[in-house]
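# Coordinate inspection notes
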Amino acid sequence: MERTKAGKAFGKMTASKILIAVITMTVIGGGTRAFAQNQINDEIVVIIDSAEMETESEDSLESGEETNESENNLVLSRVMQYSLEELLELEVVNEIPYTSTDMSAVYETGVFCIAEIPEENIRMYIYYDEEIGFQGAAFSIGNDVYYFDWPYTCFVTYLPELFWDEESQRLLVKCYKNRGTGCAVQELYVLQKSESGIWIASAYKYEEYTEAVCERISLNIDEQGKEYTITDNITGEILDQNVVVGDIPCSYDFWKFDVDATVTFAVNVGYYMCGKLDGDYYYFSEMETLCFDLNLIQNDDGSITFEIGDFLGYEEL
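Residues numbered from 1 in each chain as written. Predicted model: local features only at pLDDT ≥ 70, side-chain atom pairs only at ≥ 80, totals over all residues. Heavy atoms only, no water.

### Overview of the packing of aromatic side chains
- Evaluation of the coordinates by the stated rule reveals 20 aromatic pairs.
- A centroid spacing of 5.7 Å and a plane angle of 35° characterise the contact between Y209 and W255, whose relative ring orientation is tilted. Of this pair, Y209 sits in helix α3 (residues 206-216) while W255 sits in strand β18 (residues 253-259), placing them 46 residues apart in sequence. For the pair formed by Y209 and W255, the shared burial category is buried. (Phe/Tyr/Trp six-rings, centres within 6.5 Å; stacked < 30°, edge-to-face > 60°. Helix = DSSP H or I, 4+ residues; strand = E, 2+ residues; numbered from the N terminus. Buried < 20%, exposed > 50% of the residue type's maximum accessible area, 1.4 Å probe, protein only.)

Written as structure tokens, this is what we have:
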């Protein structure tokens, strides 16, 4: 199945589980999706009901880092300048408009619609200005608009993806936290429709899933530093075993989600887990990228608990 750029969507996702894949995104089956502009990162959620314009804070997004409340409030104040009516008037764009200079790109200040799923009446917006950078997002869903203080991209050339899960009535947003040579780090955000009709936001962030992976698997290097072994701590199965190639710093850091009929999580742990071992880094030219099922467990309040499931096999780098 082909992918489409921002502003186009197709199909429908009818499964309630997500795949997280680390190196490449694999399109397996029918999934409604649109491509947006970036990566999402922070945690405080403010919900605006377009009818009564009442705000309430949701603490369903948590972070491993302390948040700067004044900065969050500043971001929210910028993006909340725009009403639902103003947002709906915006045309969908594939990138933040910019003027090219000899040294860099100068981006326009304002709010931009970067993705939509027309058949579900869902649109995603981002805000930019020079002071706060690439922070501030909003979603219009029907007659409501939901505002977030999320940083939404690492590099504007990398676009987030939106997926609609019809069966579970949830919106999945996959974004890049970091991207570069030897590095692909994504985070997953979920907007879940509760029984009361309010959308609750949850996040599976780098700090949370790296800790979960370290609990799930063990990476051991022999005393000579010549061979490594990765073991599943639940089943005891050896998932990968190979030689260590030299002692130059390992550049692999891959944590990616694949969302379609199911959700999986693929990881290459060489760089991260070696740092956790003893502060030394090694180069693993043949280390396997491990792929796990990712379970999304809906709680009574509508929030989502993320749980790494069965080991599924390997992904190619």
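Further notes follow.
### Some points on unusual backbone geometry
- Of note in the backbone geometry, N121 takes a positive phi value of approximately 60° without being a glycine.
- Counting through the fold element by element, N121 comes out in the loop between β7 (110-117) and β8 (122-128).
- Judged by its relative accessible area of 42%, N121 is partly exposed.

### Comments concerning the pairing of strand β21 (residues 304-315)
- Pairing of strand β20 (residues 289-298) with β21 involves nine bridges; the strand directions are antiparallel. The residue bridging T289 from the neighbouring strand is E315, located in β21.
- Where β20 hands over to β21, the hairpin turn is made up of five residues, of which G302 adopts a positive phi near 95°. (Pairing = 2+ DSSP bridges.)

### Re the pattern of salt bridges
- Per the counting criterion, the structure on display carries five salt bridges.
- With its nearest N and O atoms 3.5 Å apart, the salt bridge here joins E161 to K174. In this pair, E161 sits in strand β11 (residues 161-165) while K174 sits in strand β12 (residues 170-180), placing the two residues 13 residues apart along the sequence. No difference in accessibility class separates E161 from K174, as the two residues are buried. (Salt bridge = Lys/Arg side-chain N within 4 Å of Asp/Glu carboxyl O.)

### So, the pairing of β7
- Buried residues dominate β7, accounting for eight of its eight residues.
- Pairing geometry for β7 and β8, over seven bridges, is antiparallel. Bridge pairing in β8 links E116 to R123.
- Connecting β7 to the next strand, β8, in antiparallel fashion are four residues, including N121 with a positive phi near 60°.

### Focus on the environment of C183
- Topologically, C183 is positioned in strand β13 (residues 183-193).
- Accessibility expressed as a relative area gives 12% for C183, which makes it buried.

### Section: the sheet that holds strand β16 (residues 227-232)
- The sheet built from three strands is open, its strands ordered β15-β16-β17 with antiparallel pairing. Looking at the sheet topology across the chains shown, the edges are occupied by β15 (217-221) and β17 (238-243). Going across the sheet, the axis of each strand differs from the next one's by a mean of 10°, ignoring polarity.
- Here five bridges tie β16 to β17, and the two strands are oriented antiparallel to one another. Along β17, the bridge assignment pairs E227 with V243. (Axes fitted to C-alpha atoms, helices over the stretch in contact; angles between N-to-C directions.)

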